[in-house]
Amino acid sequence: MYPPSLPPPLHRDFISVTLSLGESYDNNKVWRRRSCWRQWKQLSRLQRSAILLLFAFLCVCGLLSYMHTADPWPALNTRSLEKQKLTADFTGLKPGNPPVLPAPQTAGAGQDFLELPPQKPRKHFRRGPPSLQVKAPDRDEKAGTQDGVDRGKGEKSHPHLQRTVIRYRLPGNTEKAKRVLCVHEAWVTFEGLERSSDGARTGDGVPVQESRQPHPAASPRSQDSESDRCMGPEALGSRTVSLQQDEWQSTCRGGLSLHLVVASLNKRQKAVVDAFRHAWKGYRKYAWGRDELKPLSRTFGEWFGLGLTLIDALDTMWILGLTQEFEEARKWVSEKLKFQKDVDVNLFESTIRILGGLLSTYHLTGDRLFLEKAKDFGNRLMPAFNTPSKIPFSDVNIGTGNAHPPRWTSDSTVAEVTSIQLEFRELSRLTGNKKFKKAVEEVTRHVHSLSGKKDGLVPMFINTHSGHFTHLGVFTLGARADSYYEYLLKQWIQGGKKETQLLEDYMEAIEGVKMHLLKHSQPSKLTFVGELAHGRFSAKMDHLVCFLPGTLALGAHHGLPAEHMVLAKELMETCYQMNHQMKTGLSPEIAHFNMVPQEGHQDVEVKPADRHNLLRPETVESLFYLYRFTGDSKYQDWGWEILQSFNAYTRVPTGGYSSINNVQDPQKPDPRDKMESFFLGETLKYLYLLFSDDPDLLSLDTYVFNTEAHPLPIWTPT
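Read on for an overview of the structure. (Residues numbered from 1 in each chain as written. Predicted model: local features only at pLDDT ≥ 70, side-chain atom pairs only at ≥ 80, totals over all residues. Heavy atoms only, no water.)

1. Here we look at the overall build of the protein chain
Okay, step 1: Along the protein chain, the regular secondary structure elements total 19 helices and 27 strands.
Okay, step 2: By residue count, 56% of the 718 residues in the protein chain fall in the buried class.
Okay, step 3: Across the protein chain, the fraction of contacts at a sequence separation of at least 24, relative to all contacts at a separation of at least 6, is 71%.
Okay, step 4: Accessible surface, the protein chain as shown: approximately 32,700 Å² in total, 52% of it carbon and sulfur. (Helix = DSSP H or I, 4+ residues; strand = E, 2+ residues; numbered from the N terminus. Buried < 20%, exposed > 50% of the residue type's maximum accessible area, 1.4 Å probe, protein only. Contact = heavy atoms within 4.5 Å. Areas by Shrake-Rupley, 256 points an atom, 1.4 Å probe, with all protein chains shown as cover.)

Dropping the structure here:
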């Protein structure tokens, strides 16, 4: 028998209670810390390595994102290094004129004084007022000299005080906003209130230190002249400044006196800035880096695939003071604009928009990135001139170098081959390479020598193989011939009024217009320019012809007969009526004029196929010239009406402006879903300049505008 089993041991349960002051378990990471570490140790080595690698990747991405979004403008030393790289091929070159407006701003409103960032002392060379030269500057890279000035011996090159004047416009109500003003390669920090040399704010408005002696090489023009020059950054140091009414006066160590004139934007200029911002909002959101915005469908259209709208608008943004937009666009040009691509471009359109835009922006900003891009693009256009007659083909592939005429003809239009001269001549002057100027001036001389003209008027087409005019007997100042006449005058002005052949051709052409194309309408007797086809006159006038009033006024300003100004005023009235007599207030693409009195008929009539409006600039372009030369405020009022009509009938709520199909129906203008690049590059720019009361803002004694409204410097005689 087995002994009786022992009873089981007693089982005791324990309850653990933790007491804490005001704390309770909330399932947070502190309570699970030991558990998480245990789980981490349980992972395989491969899993832990993958997690660590992912964490490191996220850290790097975060750092790069921070660097990308950080404000680049305070990093002036970085920009300086970039400029040094870009100037490798352009030693000694300077923009034709000092920057007209401030460089893109940095954030930092709220400071109350104007000062220059302290500069590290270094050797410097004299930088008196440079003069533009027809020939490229002499350069010696090894010696580091230009125009006989040794860069290494600059410490004693400032025996006199130099005075510099820059006009500066504040976009909107930003009196206390910090700005950065680029004076040649010197950076000046602009802020809202004054501060004396000891850091105390001054309120009496008396300059702390006056200029002692003007530089002997300074311009003889008034102190407000934009063409005066300043020394480079090596001359800049500590300074004292003060505010007196609308002017800033400052003096810096090294003998540089800087005079800043501040002018606030008026109501109409602000309206232009608002229009530009609205157009740019749509482009940036739906078509960034593309050629054109389609604002209704919120997409884009491509022509060359080169960011046409962006490049066309660069100098407009700079002039309007849109610094953030400009800097973003500049970054795209620096990083994304590549010309090595298999694409055909139209020689004329790409020259006036891309090459002209890059050259203009270089001159306004002094940023050599744009000059480098212009040189690259100009070289890629040169194969177009490889024809038996030297009359260039209309199209060229900038990647392969293959040039050809249009598919439907072997002809080029006269306007296309004779309206690229301003840009190519300026490119030669800047780079020192004469091939650009030689190519386009050979075209000019050839056209000058041709037969088939009628009292200075030229046909519309020219054959690239034979070099002769085709479609003889048809004469117009509209499409395919318009800018030929414009560039005759502007080349003469650009070159310092020395090339008499250009002036003679222009004067003869204007007389031809008076003899054969000038008529008067009924009932208001408006003066208009028609067309002549095989001896038969047509009372048809393209809106493109509205460039002529401005061109005539420009010639009269530069010393041509006063009767040119009289004719300019008459034609300006006509171009205004082409807008005013439409129910939308916007001009049709083509207008027809009544020459016989008819009851119930206006002077201007429009055919159904011609009643579209493409946001063209020609009317406001001429309004700008007429106001600049006459001071008559009615031209500003007319421009204001046109801007209001653009806002009423072409503005797209989601961003952008659209050309319209019907200027006669304000209820159904029928938008075409396309915003041409010239709306930002020309139309809004000319409106902004028209509404400015400052004749020195892009002075027409200093700059000549190409046919895409890009200002290029007038060459000063050497």
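2. Things to note about the environment of Ala-374
Okay, step 1: Relative to the helices and strands, Ala-374 resides in helix α9 (residues 368-381).
Okay, step 2: Those residues within four positions of Ala-374 in sequence are excluded, and the remaining contacts are Leu-355, Leu-358, Leu-359 and Leu-427.

3. A look at the side chain of Asp-505
Okay, step 1: Looking at the secondary structure, you find Asp-505 in helix α14 (residues 500-516).
Okay, step 2: One buried charged side chain, Asp-505, makes no salt bridge at all; its nearest oppositely charged neighbour is Lys-453, positioned 4.7 Å away.
Okay, step 3: If near-sequence neighbours (up to four positions away) are discounted, Asp-505 is found in contact with His-448, Tyr-484 and Leu-488. (Lys, Arg positive; Asp, Glu negative; His and termini not counted. Salt bridge = Lys/Arg side-chain N within 4 Å of Asp/Glu carboxyl O.)

4. Re the pairing of strand β24 (residues 590-593)
Strand residues, when the strand is regular, have side chains that alternate between the two faces of the sheet.
Okay, step 1: The two faces of β24 match: Ile-590 and His-592 on one face and Ala-591 and Phe-593 on the other face are all buried.
Okay, step 2: Relative to β24, strand β23 (residues 540-542) runs antiparallel, the two sharing three bridges. Each residue of the ladder has a partner; that of Asp-542, found in β24, is Ile-590.
Okay, step 3: Note: β24 against strand β25 (residues 604-605), two bridges, orientation antiparallel. Within the sheet, the bridge partner assigned to His-592 lies in β25 and is Glu-605. (Pairing = 2+ DSSP bridges.)

5. Topic: the sheet that holds β23
Okay, step 1: The strand order across the open sheet formed by three strands is β23-β24-β25, and the pairing between neighbours is antiparallel. At either margin of the open sheet sits one strand with a lone partner, and together these are β23 and β25.

6. Some thoughts on the sheet that holds strand β18 (residues 474-475)
Okay, step 1: Ordered in space as β18-β21-β22, the three strands form an open sheet in which the pairing is antiparallel. At either end of the open sheet lies a strand with only one pairing partner, and these are β18 and β22 (536-538).
Okay, step 2: In this structure, β18 lies alongside strand β21 (residues 531-533), joined through two bridges in antiparallel fashion. Residue pairing for β21: Val-474 is matched across the bridge by Ala-533.

7. With respect to the pattern of salt bridges
Pairs may arise between side chains of opposite charge once their charged atoms sit close together.
Okay, step 1: Per the counting criterion, the structure on display carries 21 salt bridges.
Okay, step 2: Glu-531 serves as the salt-bridge partner of Lys-540, at 2.9 Å between the closest nitrogen and oxygen. Each of the two residues, Lys-540 as well as Glu-531, counts as buried.
Okay, step 3: For Glu-676, the salt bridge identified is with Lys-674, shortest N-O distance 3.7 Å.
Okay, step 4: Looking at Lys-674, the relative accessible area reads 31%, which means it is partly exposed.

8. So, the state of the cysteines
Okay, step 1: Under the definition given, this model contains one disulfide.
Okay, step 2: Shown here is the disulfide that connects Cys-546 with Cys-575, its sulfur atoms set 2.1 Å apart. The chirality of the disulfide connecting Cys-546 with Cys-575 is left-handed, given an S-S dihedral of about -105°. Of this pair, Cys-546 sits in the loop between β23 and α15 (548-557) while Cys-575 sits in helix α16 (residues 562-580), placing them 29 residues apart in sequence. The two residues Cys-546 and Cys-575 agree in class, both being buried.
Okay, step 3: Considering cysteine sulfurs only, Cys-61 is the nearest to Cys-59, which forms no disulfide, with 9.3 Å between them.
Okay, step 4: Relative accessible area serves as the criterion here: at 33%, Cys-61 is assigned to the partly exposed category. (Disulfide = S-S within 2.5 Å.)

9. What about the packing of aromatic side chains?
Okay, step 1: This structure, assessed with the given rule, holds 23 aromatic pairs.
Okay, step 2: Relative to Trp-638, the ring of Tyr-576 has its centre 4.2 Å away and its plane inclined at 5°; by these criteria the two rings are stacked. Of this pair, Tyr-576 sits in helix α16 while Trp-638 sits in helix α18 (residues 634-649); the two residues are 62 residues apart in sequence, bridging distant segments of the chain.
Okay, step 3: Overall, the relative accessible area of 10% leaves Trp-638 in the buried class.
Okay, step 4: An aromatic cluster is defined as three or more aromatic residues linked by ring pairs; in this entry it consists of Phe-624, Tyr-625, Phe-629, Tyr-686 and Phe-705.
Okay, step 5: Its guanidinium or amino end placed over the ring of Phe-537, Lys-519 lies 5.3 Å from that ring's centre, counting from NZ or CZ. (Phe/Tyr/Trp six-rings, centres within 6.5 Å; stacked < 30°, edge-to-face > 60°. Lys NZ or Arg CZ within 6 Å of the ring centre and 35° of its normal.)

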